[in-house]
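Observations on the three-dimensional arrangement
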Amino acid sequence: MIVTVTLNPSLDRTMEVDVLARGQVIRARSARLDPGGKGVNVTRALLAGRVPSVAVVPVGGPEGDRLRQLLLAEGLTVRAVPVAGHTRSNVTVAEPGGVATKLNEPGARLSHGELAEVARVVAAESAGAGWVAGCGSLPPGVPDDIYAQLCRRLAPAGIRVAVDSSGPALLAALAAGPDLVKPNREELAEAVGSPVGRLADVVAAARQLRARGARSVLVSLGADGAVLVDDDGVIAGDAPVENPKSTVGAGDALLAGFLAAGARGPRALAEALAWGAAAVRLPASRMPRRPDIRRDIVRIHARPDLDQRLMT
Ligand SMILES: Nc1ncnc2c1ncn2[C@@H]1O[C@H](COP(=O)(O)OP(=O)(O)O)[C@@H](O)[C@H]1O
Ligand SMILES: O=P(O)(O)OC[C@H]1O[C@](O)(COP(=O)(O)O)[C@@H](O)[C@@H]1O
C-alpha cells in the first residue's frame, strides 16, 4: 500500500492552443478538467497500474466537492478532509509539441486544526503502508517542515517516506532523512543554489542532497530522462518520445512507476521512465494505463556519460 498526501490539491484545467501570445485573446481548441495535485496524480497512476494506493487530501468549497467527485469517478480510494478554504484551480496552456505553460494558484490557507486532522488521517492510513509520499507545494498556513515532521513520525514504524516538493519544504525535509526525494532539474538547481547544465552537475547536486539527509535521489530531467543516485551509486536512463502531447503530471507518473517497482535499482528506474514517457504521450494530466506503457523504448545507462550536456 502506498499512501499519498497532497496538502495543496487542485482542479487542473488544460487548454490546448496553437500558440501562446502574451496580451492577446487566444481561443482554445479544447479544454479539459482533471483532478490534480502531485500526490493525487501519483495515486491516479498507481491505480491505473493496479498498485494499491490511497490519496489523503484536504478539500473545500464547490471546487473541493468537484475534485472529490472526479477522483471517485476515476475509482480512487480517497480520504478527503473537509476544510473551510476553497480547493485551488490550476491552469495549463498546452501548445503543440508538449510545451506547457502552467499557472498554479497558491491554494487556500489550512488552519492549525485542519492540518492536525490531515495528520491524524495520514497516521491512520499509514499503518501497514510500505510508503507514504508527501507531494507538491504547501498552501498558506502550512509550516515548511511539514514533510520533515511526516518523516520523523513515520520512520520509527518502519514506513518509508518519499518527498516530491520544492523550495523550503524540500530543504526542510532533507534534514529529517527522507528515504527518497524526486526533484526535477529546476528544483534540484534551486536546492543546491547552482545551475545544473551537465549530467555531472546533476550527480554532484544529488550527492549534496544525500549528504544533507536524503537516502535516495531520483532526479527527473524532462526529455533527458532521469538519474538515480542512491547507496548503490549512479544510474541514468531515458525513454524517447517522438510526439510529446503533455508533460503535466509526467513527474508524478515517473515517481509512481518508481515506487510501484520497489524504488531501487535499474528495474525501478526503467519502470519509472516507462511510466513517465507514457504520461507524456497522453493529453493533459491523463495517467497511463497498462497498455500505454512501453518498456521497449527505455534505455538504462549503468555508466552514464557525465560530460553529457542536458538538452531540456
Ligand atoms: N519530452 C519528453 N520526452 C520523453 N520523456 C519525457 C519528456 N518530458 C518528460 N518526460 C518524462 O517524464 C519525467 C518527468 O518529467 P519532468 O519534466 O522532469 O518532471 P516534472 O513533471 O516533475 O517537472 C522525465 O523524467 C521523463 O521520464
Ligand atoms: O503543488 P504544485 O507544485 O503547485 O503543483 C501542482 C500541479 O502539479 C501537478 O501535479 C502536475 O505535476 P508535474 O507536471 O510537475 O508532474 C498538477 O496536477 C498540479 O496542478
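Residues numbered from 1 in each chain as written. Chains lettered and ligands numbered in written order. Predicted model: local features only at pLDDT ≥ 70, side-chain atom pairs only at ≥ 80, totals over all residues. Heavy atoms only, no water.

The condition that has to hold: UniProt positions are given in the numbering used here, feature names are shortened, and annotations may be inferred rather than shown by experiment.
An unreviewed UniProt entry lists the protein under the name 1-phosphofructokinase, with Actinomadura viridis as the source organism. What UniProt states about the protein under its Catalytic activity (unreviewed entry) heading is, verbatim, "beta-D-fructose 1-phosphate + ATP = beta-D-fructose 1,6-bisphosphate + ADP + H(+)". The annotation that UniProt attaches to the protein under Function (unreviewed entry) is "Catalyzes the ATP-dependent phosphorylation of fructose-l-phosphate to fructose-l,6-bisphosphate."

1. Considerations on the overall build of the protein
Rules: Going along the chain from the N terminus, every DSSP run of H or I of four or more residues is numbered as a helix, and every run of E of two or more is numbered as a strand. When we talk radius of gyration, it's over C-alpha atoms, and the globule rule is simply 2.2 Å times the number of residues to the 0.38. Note on exposure labels: buried denotes an accessible area under 20% of the residue type's maximum, exposed denotes more than 50%, and partly exposed covers the range between, all computed with a 1.4 Å probe on protein chains only. What sets the accessible areas is the Shrake-Rupley method with a 1.4 Å probe; for residues, cover comes only from the shown protein chains. Only four residue types enter the tally: Lys and Arg on the positive side, Asp and Glu on the negative side; His and the chain ends are excluded. One atom stands in for each charge, and that atom is NZ of Lys, CZ of Arg, CG of Asp or CD of Glu.
Of regular secondary structure, the protein possesses 9 helices and 14 strands. Relative to its length of 312 residues, the protein is compact, with a C-alpha radius of gyration of 18 Å against a globular reference of 20 Å. With respect to the three principal axes, the spread of C-alpha positions in the protein is 50 × 50 × 35 Å. Residue burial in the protein is summarised as follows: out of 312 residues, 53% are buried. Of the accessible surface of the protein, which amounts to about 13700 Å², a share of 51% is contributed by carbon and sulfur atoms. Computing the positive centroid from 37 side-chain charges and the negative centroid from 32, the protein places the two 3 Å apart.

2. Remarks on the confidence of the model for the protein
Atomic detail in the predicted coordinates should be set aside for any region of low pLDDT. Condition: Looking at any residue, its pLDDT shows the predictor's confidence there, from 0 to 100.
Residues with a pLDDT of 70 or more make up 100% of the protein, whose mean pLDDT is 96. For this predicted complex, the interface confidence score (ipTM) comes to 0.98, while the overall pTM stands at 0.97.

3. Overview of the pattern of salt bridges
Pairing of side chains with opposite charge becomes possible as their charged atoms draw close. Our working rule: Basic side-chain nitrogens of Lys or Arg form a salt bridge, by our definition, when they fall within 4 Å of a carboxyl oxygen of Asp or Glu.
Under the criterion given, the structure shown has 13 salt bridges. With a shortest N-O distance of 3.2 Å, Arg-210 and Asp-231 are connected by a salt bridge. With Arg-210 in helix α7 (residues 199-211) and Asp-231 in the loop between β12 (226-230) and β13 (233-238), this residue pair connects regions lying 21 residues apart in the sequence. Exposure remark for Arg-210: the relative accessible area of 25% places this residue in the partly exposed category. Linked by salt bridges that have partners in common, Arg-32, Asp-34, Arg-44 and Glu-74 make up one network.

4. What to know about the sheet that holds strand β7 (residues 99-103)
Formally: By definition, two strands form a pair when at least two bridges between them are found by DSSP. Axis lines are fitted to C-alpha atoms, over the contacting stretch for helices. Their N-to-C directions set the angle, which ranges from 0 to 180 degrees. When checking whether two residues touch, look at their non-hydrogen atoms; a contact exists if any pair is within 4.5 Å.
Strand order in the open sheet formed by 4 strands is β3-β2-β6-β7, and the pairing between neighbours is mixed. Looking at the sheet topology across the chains shown, the edges are occupied by β3 (30-36) and β7. When strand polarity is set aside, the average angle formed by the axes of neighbouring strands in this sheet is 20°. Across the face of the sheet, helix α2 (residues 61-73) comes into contact with β2 (10-16), β3 and β6 (88-95) while running at roughly 85° to β3.

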